[in-house]
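Residue-level listing of the chains:
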Amino acid sequence: YLLLPAHKSGVADVVLNKVRPFIKKLQPTVGFSLEEATFARKVSVYPDPILFKPEQLDYLRSEGCFVEVLPESGIEIATNLQEL
C-alpha cells in the first residue's frame with residue numbers, strides 16, 4: 001500500500017511526479033487513508049511530517065504493518081527501485 005498525503009486542495013503534482021517510478025514498477029494499491037492502510041502488510045509512506053506524524057506511523061506498526069518511509073527526493077526513490 002502506498003500512503004500519500006492529500007491536503008484539502010488534493011494531492012500535489014510534485015508528490016505524484018516523485019512517486020511515479022514507484023507506482024510504475026511496483027504497482028501498489030495507492031491511497032490516502034491511514035485507516036485503510038492498516039489492512040496492508042506493508043505500507044510505503046511518502047514523507048509528510050504535517051500529515052504523517054511519528055505517532056501515526058507507530059499506529060500502523062501497532063496494527064501489524066511493516067512501514068517504509070520513502071525518501072523525499074524522487075531521484076532517491078528511483079535509485080532505490082533500481083536495487084530491487
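Procedures and definitions
- Residues numbered from 1 in each chain as written.
- Predicted model: local features only at pLDDT ≥ 70, side-chain atom pairs only at ≥ 80, totals over all residues.
- Heavy atoms only, no water.
- Core = buried A, V, L, I, M, F, W, Y, C linked by side-chain atoms within 4.5 Å.
- Buried < 20%, exposed > 50% of the residue type's maximum accessible area, 1.4 Å probe, protein only.
- Helix = DSSP H or I, 4+ residues; strand = E, 2+ residues; numbered from the N terminus.
- Contact = heavy atoms within 4.5 Å.
- Pairing = 2+ DSSP bridges.
- Axes fitted to C-alpha atoms, helices over the stretch in contact; angles between N-to-C directions.
- Expected span 1.5 Å × (residues − 1).
- Bend = angle between axes of the 7 residues up to and from the residue.

Explain the nonpolar core here, please?
Formed by Y1, L3, L34, A37, A40, V43, V45, F52, L57, L60, C65 and V67, the largest nonpolar core amounts to 12 residues. Counting only elements with at least two residues in this core, the list comes to α2 (34-37), β3 (42-45) and α3 (54-62). With residues up to four places along the chain from it excluded, the contact list for L57 reads V45, F52, V67 and V69. Core analysis: the next-biggest nonpolar cluster, separate from the first, contains nine residues, L4, V15, F22 and Y46 among them.

I tried to follow the sheet that holds strand β4 (residues 66-69) on my own but got confused; where do I start?
Note on sheets: strands pair through backbone hydrogen bonds, and any given pair is parallel or antiparallel. With parallel pairing, the four strands of this open sheet are ordered in space as β2-β1-β3-β4. Both edges of this open sheet fall to β2 (30-31) and β4, since each of them pairs with a single strand only. With four bridges joining them, β3 and β4 adopt parallel strand pairing. Across the sheet, the residue bridging to S44 is E68, located in β4. Here α3 sits on the sheet in contact with β1 (2-3), β3 and β4, set at roughly 145 degrees to β4.

Teacher, can you tell me more about the environment of E63 here?
Examined against the element boundaries, E63 turns out to sit in the loop between α3 and β4. E63 gets classed as partly exposed once you look at its relative accessible area, which sits at 44%. In this structure the C-alpha to C-alpha distance between E63 and R41, which are 22 residues apart in sequence, comes to 9.2 Å.

So what exactly am I meant to see when it comes to helix α1 (residues 13-26) here?
An α-helical turn contains 3.6 residues, so any two residues separated by three or four positions project in the same direction. Its 14 residues place the ends of α1 20 Å apart at the C-alpha level, agreeing with the 20 Å of an ideal helix rising 1.5 Å per residue. Along its length, α1 reaches its greatest deviation from straightness, about 45 degrees, at V19, and the proline P21 lies no more than four positions downstream. Among the residues of α1, V15, V19 and F22 are the ones counted as buried. Backbone geometry just after α1 places Q27 at a positive phi near 45 degrees.

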